[in-house]
Amino acid sequence: AEAEGEGHLYLRAEEILSRTEKLLNHKKAVGIVSQRTIRDVGNEMIHKDGTLICNGGGFYTKKSFDAELGAAASLVKLCLQENMHKNVDKILRDIQKKEHIILNAMQQEGVKRVFENPVSIITGGPGRGKTTIIHFIIAVQEALNKNSMILLCAPTGRARRRMSDCTGYPAMTIHKAVGMKGEDGEEEWKEDFLLPDDLIIVDESSMIDMYLADQLFSHIKPGTRIVFLGDKDQLIESGVIPVTVLNECFRQEGDSTIIQNADKINERKTNLVFDDTFSFYPAKTAQEASKIIAELYQKELAKNGNHPEQIQVISPLRKDTDAGADALNPVLRDIVNPRRYGYPEQKNGAVTYRQKDRVMQLKNTEEVSNGDVGEVLNIYQKDGKNVLRVDFGEHRILEYTDGEIW
């Protein structure tokens, strides 16, 4: 479970033994639970109850193995669809003329590949024209068949809203599209139905886990064309699915050097450019870094009219450091939303919630999706339980009790 939380589908035997030994012995190198005992239990899980699967030297949970196998089988079927090639050269020229937009060579190639293949991938960093290419793919599909059903979807609520805002077209979370309801939705996923759409465009594809991929692929009907969009450094290039890499930068945003420096960092170059939009603050320790971040946050908050939604702090680490997300969250929250006399708070473990806190949904439900951000409206007691009332926008106000808060 720990490894799956890190994004792994399987582990090798040596790593399982090492991780399990440390976990059972409270991270000590040597303890009372031996590797021999762990091996025996693992073999029993493989040979008796089947909850552990050994395949190609890797050890999977049955759920992970079934999901990977199912997703691969469904994707192969989609890739092998015949009679999917459409020549859209003239349509593409007409749309460019009508929209007064000329696509660059790689964008045009990307659109053409979408209609030459049943499955294709379009990648590229920020500001590379992915939004523009979505517009043209939709326009070409509608020119081929004005009655086409088109699905725009993404794995999180936030990505879904961004997709809809950027394109002007409605978008759904993948979970909603495949009929997921409730916290896990597995019973709903077992329903035998196929999506009616002729074209499916999936944004932020690199964020899709294997379980969700399995469910999405298995719900796509024959004859459907599917396009995956995402970051070029996160999507896997199998060599089987046609890939278009958009590399020309369109987004200038004044004289911002962020995109330029992002490219340099990806290329392992250190000659970064520093200006008003990109600065570097050295820190010798995590504690010093935390202090600098708090000071910068306070300055940016004042510059943005005390609107925290205008500022984003991103850390590559989560725990066990003062510069990680877990440690920074309460520090920054005390700046933007300090404790006020007379206003109730709700404590859950090490985390304390306050009215006006910004919180994130971590599991999909029928009303809200993983990644949706809301604001705590109020905290009160109801039927002897503490209740958090959260506004997620779009007329979605939900109540959370103690057991539903992390």
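Reference entry: report on the structure contained in this document.

The rules we used
Residues numbered from 1 in each chain as written. Predicted model: local features only at pLDDT ≥ 70, side-chain atom pairs only at ≥ 80, totals over all residues. Heavy atoms only, no water. Helix = DSSP H or I, 4+ residues; strand = E, 2+ residues; numbered from the N terminus. Buried < 20%, exposed > 50% of the residue type's maximum accessible area, 1.4 Å probe, protein only. Contact = heavy atoms within 4.5 Å. Polar contact = N/O pair within 3.5 Å; in protein donor to acceptor, adjacent residues only side chain to side chain. Phe/Tyr/Trp six-rings, centres within 6.5 Å; stacked < 30°, edge-to-face > 60°. Lys NZ or Arg CZ within 6 Å of the ring centre and 35° of its normal. Axes fitted to C-alpha atoms, helices over the stretch in contact; angles between N-to-C directions. Parallel < 35°, antiparallel > 145°, perpendicular 65-115°, else oblique. Nonpolar A, V, L, I, M, F, W, Y, C, P; charged D, E, K, R; others polar.

1. Overview of the overall build of the protein
Working step 1: When helices and strands are counted, the protein shows 14 helices and 15 strands.
Working step 2: Counting only residues that meet the buried cut, the protein has 37% of its 406 residues in that class.
Working step 3: Residue pairs at least 24 apart in sequence account for 56% of intrachain contacts in the protein once pairs closer than 6 positions are excluded.

2. Observations concerning the side chain of His-219
Working step 1: Checked against the element boundaries, His-219 lands in the loop between α11 (210-218) and β8 (225-230).
Working step 2: A polar contact is formed between the side chain of His-219 and the side chain of Ser-218, at a distance of 3.4 Å.

3. Thoughts on the packing of aromatic side chains
Working step 1: Applying the stated criterion across every chain, the model contains five aromatic pairs.
Working step 2: For the ring pair Tyr-60 and Phe-65, a centre distance of 5.2 Å and an interplane angle of 75 degrees mean the geometry is edge-to-face.
Working step 3: Seen in terms of ring centroids, Phe-392 and Tyr-400 are 6.3 Å apart; in terms of plane orientation they differ by 65 degrees. Their pairing is edge-to-face. The two residues Phe-392 and Tyr-400 agree in class, both being buried.
Working step 4: Taken together, the ring pairs connect Phe-274, Phe-278 and Phe-280 into an aromatic cluster.
Working step 5: Positioned above the aromatic ring of Tyr-343, the side-chain terminus of Arg-340 is 4.1 Å from the ring centre.

4. Focus on the packing of helix α7 (residues 130-144) against helix α8 (residues 157-167)
Working step 1: Viewed as axis vectors pointing N to C, α7 and α8 meet at an angle of 70 degrees, and their least axial separation amounts to 10 Å. By the angle between their directions, the pair α7 and α8 is classed as roughly perpendicular. Across the interface between the two elements, Thr-131, Ile-134 and His-135 of α7 pack against Met-163, Cys-166 and Thr-167 of α8.
Working step 2: For the contact of α7 with α8, a count of residues per class yields three nonpolar, three polar and no charged.

So far we have only geometry, and geometry alone does not tell us how the molecule works.
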